[in-house]
Amino acid sequence: MCRHLAYLGPPTTLATLVLEPDHSLFEQSWAPHDMRGGGTVNADGFGLGWYADGQPARYRRNVPIWTDDNLRDLSHVITSDAIIAAVRNGTERMPHVESAVAPFRSGRWLFSHNGRIPGWPESTVKLAGALPVADLVTIDAPVDSALLFALISHRLTNGYDAAEAVASVVHEVEEAAPGSRLNVLLTDGELLVATSWTHSLHVRRTAESTTVSSEPFGAGHWDEVPDRSLLVATATTVSITPMEGPQ
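Residues numbered from 1 in each chain as written. Predicted model: local features only at pLDDT ≥ 70, side-chain atom pairs only at ≥ 80, totals over all residues. Heavy atoms only, no water.

### Some remarks on the side chain of serine 229
Formally: Runs of E in the DSSP output that reach at least two residues are strands. Runs of H or I that reach at least four are helices, and both are numbered from the N terminus. Between N or O atoms, a polar contact is any pair within 3.5 Å; within protein, one atom must be a potential hydrogen donor and the other a potential acceptor, and residues adjacent in sequence are included only when both atoms are from side chains.
Relative to the assigned elements, serine 229 resides in strand E12 (residues 229-233). Of the polar contacts made by the side chain of serine 229, one reaches the backbone oxygen of proline 226; its length is 2.8 Å.

### Remarks on the sheet that holds E12
Worth spelling out the cut-off: For two strands to be treated as a pair, DSSP must find at least two bridges joining them. Here an axis means a line fitted to C-alpha atoms, over the contact stretch when the element is a helix, while the angle between two N-to-C directions is reported on a 0 to 180 degree scale. Throughout, a contact is declared for two residues whenever any of their heavy atoms are within 4.5 Å.
Pairing is antiparallel across the open sheet formed by 6 strands, whose spatial order is E5-E6-E7-E8-E12-E13. If you trace the sheet from one side to the other, it starts and ends with strand E5 (104-106) and strand E13 (238-242), each paired once. With direction set aside, neighbouring strand axes in the sheet form an average angle of 20°. Where strand E7 (residues 181-187) and strand E8 (residues 192-196) come together, 3 bridges link them in antiparallel fashion. If you follow leucine 185 over to E8, its bridge partner there is alanine 194. Its contacts with the sheet place helix H6 (residues 144-157) against E5, strand E6 (109-116) and E7, and it is angled at close to 135° to E6. On top of the sheet, helix H7 (residues 162-176) reaches E6, E7, E8 and E12; it is set at about 160° to E7, its chief contact.

### A word on H6
To keep things clear, this is the line we draw: Every helix has an expected span of 1.5 Å times one less than the residues it contains. Only protein chains enter the accessibility calculation, which uses a 1.4 Å probe. A residue is then buried if its area is under 20% of the maximum for its type, exposed if over 50%, and partly exposed in between.
Counted at 1.5 Å a residue, the expected span for H6 with its 14 residues is 20 Å, and the 20 Å between its end C-alpha atoms agrees. Counting buried positions over the 14 residues of H6 gives 12, a clear majority of the element. The inward-facing, buried residues of H6 abut E5, E6, helix H4 (125-129), helix H5 (133-137), H7 and E7.

Written out as structure tokens, the structure is:
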């Protein structure tokens, strides 16, 4: 499985979240604590997403995060009040290409998925068939995470609020492919929606910021998000609710 994080709060550098803390995402790429049988390292790429003047930007590579000679310089000079980042553990039968690495982007939205959809792609054919052809032919990569985001983006385009879009897709994917691991992060730079669905997720709150992460890192108090929960947050508010029953 992958490891990922998201942050909303006062402007901070990418390095403050991704490189510098104890057990940072950088360290989690080769020494994760809680993969739950989903591999041992996250060496199949990494991605960083942030907002500048309200617009999303990304830096993605299909190499281990520790091999990128540009990362340290970039991460110390890029500052944002909304950040999302991931290190990838690629799934069998899925390509190891840059376009398969989170965060994925659609308009103002950035998205990351930690988990897998069993039986992909066969298990998701019916769900994919409900998407407009244009959505399918412009999908980032032939991987389960990109399809998951396409399903959520389609709902956002059709008037769903972010929490409703995420919850409804998670339930539909679980119904189509039981046993899916569907921890997702979705943000537009102001709102953060996350799920804990058969994998680890933790949240750290301060008076000015909210951080969610697959695994705790750095200083401060972290709370584990209960399994099958939906988290909706801003920089200063957090709501966690059970994801019970179909949406």
